[in-house]
Amino acid sequence: MQLSSADQGKLEDFWQHCLTHQYFNVGYPEAADFDYRPLHRFMHFSLNNCGDWDAPSNYILNSFSFEKEVMAYFAELFEIPLQDSWGYVTNGGTEGNMFACYLARELFPDGVLYYSRDTHYSVAKIVKLLRMPARAVATLSNGEIDHNDLISKIAIDDCANPLIFANIGTTMHGATDNISLIQQRLADLGIARNDYYLHADAALSGMILPFVEAPQPYNFAHGIDSISVSGHKMIGSPIPCGIVLAKRHHVERISVDIDYISAQDKTISGSRNGHTPLIMWAALRSHSHEQWRQRTLRCLELAQYAVERFKAAGVAAWRNHNSITVIFPRPSEHLCKQHGLATSGACAHLIATPHHRDHSRISRLIDDITADLKLNSRRNAPANQPCAVHTLPSVARPRSMAAD
Ligand SMILES: *Cc1c(COP(=O)(O)O)cnc(C)c1O
């Protein structure tokens, strides 16, 4: 490859920028503890997984066999027999959510999509693209969907086919919607199981809950119709990706035969990334269940450490049960920029991602945040306000967690 020296300089600057920021992107949930060097040589090839990995394709440079193993892994993890499920490696959580909403709409053309106000912004885009009628539902103060508001909206709409978009870990608060209660309330309302659709947006927590001792309900055994997870969040990937998995008999309803690629197509994109299935495959094959469990526990412990450290300094921080997202009052704009903190309203959060091998950097960050908040409250700035008030009691410690 021929690049001018100016362009080489640009790349070098970018390289240094990446090295500097590789491990401390604390407001966002991307894990950085990965090493995909055994896969680097595949960058020589134009891999393309267009169509269905489960059917033969005319495009030979595909990684379908790896994608199949990835989907087999997630089918087992999310408790559905592989032969009863179908899904694929996506470009990320958003595509997975879109696939699920599309599926739900095709199954129930007159359905209305219900999602909580704390739902990821991708859903507002998706309902616009798919032109689906949709209703935003109130949330409880911990970020979980307000079931009473959900049920009363469905009742007021007289909606025969509600399409429920449930959060398994909201972006801002790491809150998990109670899908058992939702299903029970729908049954109480007289809506039969075959008359509604239930999607689980598990972008982050889809790789947390399978590895904790007492997970909230989230998977197929707990009644979902589909689930999407981001690959570049908890798992870690140099390229954004994810998976979506749904019940096979639903997916068959949207499948079309494509003459040109001599395959069946059920996916959203045409050409699909052939490298990301390799990445997901390598990540999954190189960790045992026990290793994922240990890694998850480490993150949860670090999150709990952060909560306690904040509290000891007089800052009302908290987290949801089984969540690695720690919420605290929003510090000054300057500090948020400096540390790449994500904010929403009066709250900010940090995410205890797996590459934090010890507590040191998080500790220093907490010192900075604490000092900043104290300064702000002396100046009477609005920052240190009501974000930390939440009514649910469940800031529980996983039983196996050691005291820090
Ligand atoms: C990150 C996130 C998404 C979007 O995932 P992408 O992989 O960024 O497309 C969707 N839902 C939730 C809850 C998320 O946190």
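The rules behind each value
- Residues numbered from 1 in each chain as written.
- Predicted model: local features only at pLDDT ≥ 70, side-chain atom pairs only at ≥ 80, totals over all residues.
- Heavy atoms only, no water.
- Salt bridge = Lys/Arg side-chain N within 4 Å of Asp/Glu carboxyl O.
- Buried < 20%, exposed > 50% of the residue type's maximum accessible area, 1.4 Å probe, protein only.
- Helix = DSSP H or I, 4+ residues; strand = E, 2+ residues; numbered from the N terminus.
- pLDDT = per-residue confidence, 0-100.
- Contact = heavy atoms within 4.5 Å.
- 1 Å grid on protein atoms, 1.4 Å probe; cavity = no way out; pocket = protein on both sides within 12 Å on 5 of 7 lines; lining within 4 Å.
- Points joined across faces, edges and corners; volume = space filled by probe spheres on them.
- Nonpolar A, V, L, I, M, F, W, Y, C, P; charged D, E, K, R; others polar.
- Domains from an automatic or database assignment.

Turning to the pattern of salt bridges, a few remarks are in order. Side chains that differ in sign of charge can pair as their charged atoms come close. The full count for this structure, using the stated rule, is 14 salt bridges. Arg37 is the salt-bridge partner of Asp35, the closest N and O atoms lying 2.7 Å from each other. The exposed category is assigned to Arg37, whose relative accessible area is 58%. When the shortest N-O distance is used, the salt bridge between Lys153 and Asp149 registers 2.8 Å. Residue Lys153 and its partner Asp149 are both found in helix H5 (residues 147-157); the two are separated by 4 residues, about one turn of the helix. In this structure Asp149 comes out as buried when scored by relative accessible area, which is 17%. Through salt bridges that share partners, Arg193, Asp225 and Lys247 make up one connected network.

With that settled, the discussion passes to the confidence of the model for the protein chain. For the protein chain, the average pLDDT comes to 90, and 91% of its residues sit at 70 or higher. Low pLDDT (under 50) marks residues 381-385, which in the prediction has 9 contacts with non-local residues, meaning those over four places away or in another chain. Within the model, the stretch residues 391-404 combines pLDDT values under 50 with 31 contacts to residues more than four positions away or in other chains.

Space inside the largest pocket adds up to approximately 1,100 Å³. Lining the largest pocket are 27 residues, with Gln22, Phe34, Ser237, Pro238 and Ile239 positioned closest to its centre. Elements that contribute at least two residues to the lining of the largest pocket include exactly helix H1 (5-21) and helix H8 (275-285). By residue number, the principal contributor to the lining of the largest pocket is H1, which donates 5 residues. Taken together, the residues of the lining of the largest pocket sort by class into 18 nonpolar, 6 polar and 3 charged. For the lining of the largest pocket, the two domains that each supply at least three residues are domain 1 (16-27 + 288-378) and domain 2 (38-285). Put simply, the second largest pocket is a space of about 660 Å³.

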